[in-house]
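Each chain, written out:
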Amino acid sequence: MSQDALLLVEGLKVIFPTDAGIIKAVEGIDLAIHPGECLALVGESGCGKSVSSLAILGLLGTPPALVRAQTIRFDGQNLQALNEQQMAQIRGKDIAMIFQDALTALNPVMSIGRQLDEVFLKHCGMNKSQAKEASIEALRAVGVSSPAQRYRQFPHQLSGGMRQRVLIAMAFAASPKLIIADEPTTALDVTIQMQVLEELRAMQRKSGTALMLITHDLCVVNYLADRILVMYSGKIVETGPVKQILKRPAHPYTEGLLTSVPRLDTCNTRFYQIPDQVPNPMNKPSGCHFHPRCSYAGELCKQTMPSLRSLSPQREVRCHFPLQKGKGGDSQHA
Amino acid sequence: MLKVENLAISFPVKAGLFSKRRHIKAVRGVSLTIQKGQIFGLVGESGCGKSTLAQAVIGMQRPTQGQVFFKGDDLYALSTPAFRAARQNMQMVFQDPFSALNPRFDVQRIIAEPMHIRGGFSGEQMEGRVLELLNLVGLSPEDRHRYPSDFSGGQRQRIGIARAISLHPELLILDEPVSALDVSVHAQIMNLLMDLNEELGLTYLFISHNLADVKDISHSVGVMYLGSFMEYGPTAQVFAQPLHPYTHSLLAAVLTLDQQKEPVITRGDIPSPIEVPPGCSFASRCPLAQPKCQVETPVLLEYRPGQLAACHYPVI
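The rules behind these values
Numbering of residues starts from 1 in every chain and runs along the sequence as written. For this description, chains carry letters from A and ligands carry numbers from 1, given in the order in which they are written. The predicted nature of this model means local features are confined to residues of pLDDT at least 70 and side-chain atom pairs, given and counted, to a pLDDT of 80 or more, with totals for whole chains, interfaces and linings taken over all residues. Every helix listed is a DSSP run of H or I at least four residues long, and every strand listed is a run of E at least two residues long, numbered separately from the N terminus. C-alpha atoms define the radius of gyration, and 2.2 Å times the number of residues to the power 0.38 defines the globule rule. Think of it as a crowd count around each C-beta: if 20 or more other C-beta atoms lie within 10 Å the residue is buried, if 12 or fewer it is exposed, and in between it is partly exposed, with C-beta placed from the backbone throughout. Residues are defined as contacting one another if the C-beta atoms placed from their backbone atoms lie within 7 Å. Note on scores: pLDDT gives the predictor's confidence for each residue, bounded by 0 and 100. Any two strands between which DSSP finds at least two bridges are classified as paired. Axes here mean lines fitted to C-alpha atoms, for a helix over just the part in contact, with angles spanning 0 to 180 degrees between N-to-C directions. Take the buried Ala, Val, Leu, Ile, Met, Phe, Trp, Tyr and Cys residues, join any whose C-beta atoms are within 7 Å, and the set you get is a nonpolar core.

### A closer look at the overall build of chain A
Argument step 1. Counting its regular elements, chain A contains twelve helices and 13 strands.
Argument step 2. The C-alpha atoms of chain A give a radius of gyration of 21 Å, which matches the 20 Å a tight globule of 334 residues would have.
Argument step 3. In terms of overall dimensions, chain A has C-alpha extents of about 70 × 50 × 40 Å along its principal axes.
Argument step 4. Expressed as a percentage of its 334 residues, the buried residues of chain A come to 46%.
Argument step 5. Residue pairs in contact within chain A that sit at least 24 positions apart in sequence constitute 63% of those at least 6 positions apart.

### Side note on the confidence of the model for chain B
Argument step 1. In this model, chain B carries an average pLDDT of 88, and 98% of its residues clear a pLDDT of 70 or more.
Argument step 2. With pTM at 0.82, the complex prediction returns an ipTM value of 0.76.

### Some details on the sheet that holds strand β8 (residues 203–208) of chain B
All names here are of chain B.
Argument step 1. Read from one edge to the other, the open sheet built from eight strands follows the order β6-β7-β8-β3-β9-β10-β12-β11, with strand pairing classed as mixed. A strand with exactly one partner marks an edge of an open sheet, and here the two such strands are β6 (90–93) and β11 (301–304). Between one strand axis and the next, the sheet turns through 20° on average, direction left out of account.
Argument step 2. Lying on the sheet, helix α5 (residues 153–164) is in contact with β6 and β7 (171–175); it crosses β6 at an angle near 170°.

### Notes on the nonpolar core
What tends to happen in soluble globular proteins is that the nonpolar side chains get buried as a cluster.
Argument step 1. Counting 175 residues, the largest nonpolar core has Ala40(A), Ala169(A), Leu213(A), Leu205(B) and Phe206(B) as the members making the most contacts within it.
Argument step 2. It is helix α7 (residues 160–173) of chain A that provides the largest number of residues to this core, a total of nine residues.
Argument step 3. Excluding anything up to four places from it in sequence, Ala40(A) contacts Leu213(A), Thr215(A), Val221(A), Ala225(A), Ile228(A), Leu229(A) and Val242(A).
Argument step 4. With five residues, the next largest nonpolar core counts Ala250(A), Val317(A), Cys319(A) and Phe321(A) among its residues.

### Things to note about the pairing of strand β4 (residues 65–70) of chain B
Residue and element names in this part refer to chain B.
Argument step 1. Summarising the sheet, strand β1 (residues 2–13) and β4 pair through five bridges and their orientation is antiparallel. Note that in β4 the partner of Lys3 across the bridge is Phe69.
Argument step 2. As paired strands, β4 and strand β5 (residues 73–74) are joined by two bridges and run antiparallel to one another. Within the sheet, the bridge partner assigned to Phe69 lies in β5 and is Asp74.

Right, here's the structure in full:
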């Protein structure tokens, strides 16, 4: 699987040494994104999903962070060997980012047109008038109404949904090979979230750009992603095609996350809850990090951390006793 | 317990030195009643006026028009001491548990703060009450000497809830209490809120932008859009047979884990509350809009027992 990957990461570790102790934010993850694919990185806050993406892009301050990896290869290049200038060239041109909060991601004292122009001027070798034309076209492509007027407006004059569209237009502007979207619609209203997700999906399919989606919302994953990677406490606990995992999760944590999603179609008198909380990153439990919260856990789980093993050619799970429902699992419990 | 009558709130906005003074009409004629022990779910998108309405209910925002009755008394006509007494009887839980707690206070001090302000409690009484509250919201007694930064989001929300109920209020206003929390913690806090409602007989005004949150917890629900109710009624009925096209589009836009169902997308943006369009405020985005909707403002009518909608062409 690693030969044709656009982005290949092996053995990524991120630790933050602090006065109070060492925080192991990411404990050795492997991931691969293929051209045109949408990979979702799912987990709760503090599981290391955002830190991983920032580390891959070289955006983590070192210090305080310590980043180690066997491989970070993007499009044939070893990203770890590049200097800051070369990295800056790749970010924005070949890898773009969409952040959660559009208001802080945009420059408040610059018109959105000029901010879009910058991408075309810097990465596409256009002159000013070409850039303006391309910017207006880019705004139109993401469904911004009257793009010529919007071009002159400032971020505060736009609604939240419009701002998020501007960020999407900006991310796609230089035709990157990979876009990393960190919680792109979490801050938006229900009806507006749907509009923006639809735009994002249409743009991604049209351009064939690979997308790395970072989110905690499994419903967004269901709508957008092809493959899923579930993280818990700095480790990958389950990975595979979205359709299979949402239907038959193999890891108890994935199952818990799925059951926690509030539903409209059933009537509950109680909400399903995973007991306890995410472990303190400075003081993680022994064995499987999830065992104190897992209803299936046995003695083995308290002692040894399970390895990530394959269930089927496409699926992997880190569990001593993967759930029966997961096809191919040699489960020991009912 | 709580009755709101024809409430309207507007804020003046200054556009320029010589331009005409304009107003943001945040709430436009809202009426609602909540019985003792009931949970009322207030749903709407950002900017629809749900938080402004909550502020008016709790006495933080004097309405431009209309009244708020708390246990039969007009809140804004009360004398200062009577207002303070009523105000102690209703408490608020905020969305963001990170900014709602003073980072320099320990948990004991945070939870005892309302008792300090009210006065008349001995140190021992306060400590006893704090221990009781910690137990009630599922925190351990040792936690009282720790600081907010030592806790996760869900635990901080528990502290916020403990503080809110410390003076035995009868009405709790919950402004998006679970929106900032992780999925697994989300369910824990919802269950805690349901338990407190049952055990202590508390009344809630539960504000959320998420329909799925409100569905299982509330007895009745109000769907707000641009400052007024589009639909209002018993929760089960509103979710099973929504009358208003806006409620339909809200429900259709909810993403699910269902792999067959494609969500339906409502086009257009929410209009500005400064220039509320004439006629029905949802007409610009409504798939069923007719010429009449652009001209005439629909009023809330009872189409089914207890279920009201403000629409010329409700889905029956």
